[in-house]
Amino acid sequence: MKFSVDKNDEYSVLQLEEDNLNSLIAPNLKSEFVFLRNEGVKNLIFDLSAVKYVDSSGLSAILTANRLWKDFGLFIMTGVDHPSVVKLIEISRLESILTIIPTLAESKEYLSMEKIEQELQSDSEES
């Protein structure tokens, strides 16, 4: 499986560098998600801009990551551009469950805004 991970203090970006997210790749991807979570990555941006096809195993890996970060931080998907990938997410009705942001830059901005909102909430609770 070809991928890159760009780590930052606030988040990490995992960019999958494969055309297909299928049953051959999904188990390794799930392992990488678990590794990153156990390593303490608070927020993960999963970049699918190179992916043209996702099957049910790939979808399962994505849902695994969403579950891993549910009560820990944020799991954001970006680069969901290819029509077949968009269609699978829509057919599965996962657009309401997954956080999907169009671009990597917008994903980073979204994380910044979420952090500010959390800080404001904690400040108001202390008052």
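Values in this document were obtained by computation on a predicted structure and should not be read as measured data. (Residues numbered from 1 in each chain as written. Predicted model: local features only at pLDDT ≥ 70, side-chain atom pairs only at ≥ 80, totals over all residues. Heavy atoms only, no water.)

Considering the sheet that holds strand E1 (residues 3–7)
The cut-off we apply is this: Pairing between strands requires that DSSP locate at least two bridges from one strand to the other. Each helix is a run of DSSP H or I of at least 4 residues and each strand a run of E of at least 2, with the numbering of both proceeding from the N terminus. Throughout, an axis means a line fitted to C-alpha atoms (over the contacting stretch in the case of helices), and angles, computed between N-to-C directions, take values from 0 to 180 degrees. Here, two residues are considered to be in contact whenever any of their heavy atoms come within 4.5 Å of each other.
Taken together, five strands build an open sheet; the order of strands is E1-E2-E4-E6-E7 and the sheet is mixed. Looking along the sheet, the strands with just one partner apiece sit at the ends: E1 and strand E7 (99–101). Taking the axes of each pair of neighbouring strands and ignoring which way they run, one obtains an average angle of 25° across the sheet. Pairing geometry for strand E2 (residues 12–16) and strand E4 (residues 43–47), over four bridges, is parallel. In the sheet register, Ser-12 faces E4, and the bridge partner there is Leu-44. Strands E4 and strand E6 (74–78) of the sheet are contacted by helix H2 (residues 56–69), whose axis makes an angle of about 150° with E6.

Details of the nonpolar core
Filter applied, for reference: We define the nonpolar core as a collection of buried residues of types Ala, Val, Leu, Ile, Met, Phe, Trp, Tyr and Cys that are connected through side-chain atoms lying within 4.5 Å of one another. Think of it in three bands: residues with accessible area under 20% of the maximum for their type are buried, residues over 50% are exposed, and the middle band is partly exposed, with areas taken using a 1.4 Å probe on protein chains only.
The biggest cluster of nonpolar side chains holds 26 residues, and the ones touching the most others in it are Leu-21, Phe-33, Phe-46, Phe-75 and Met-77. Counting only elements with at least two residues in this core, the list comes to E2, helix H1 (26–38), E4, H2, E6 and helix H3 (83–91). When residues of this core are assigned to their parent elements, the largest contribution, five residues, is made by H2. Non-local contacts of Phe-75, meaning those with residues more than four positions away in its chain, are made with Phe-33, Leu-44, Phe-46, Ile-62, Ala-65, Asn-66, Trp-69 and Thr-99. Counting seven residues, the second-largest nonpolar core is a separate cluster that includes Tyr-11, Val-13, Leu-74 and Ile-101.

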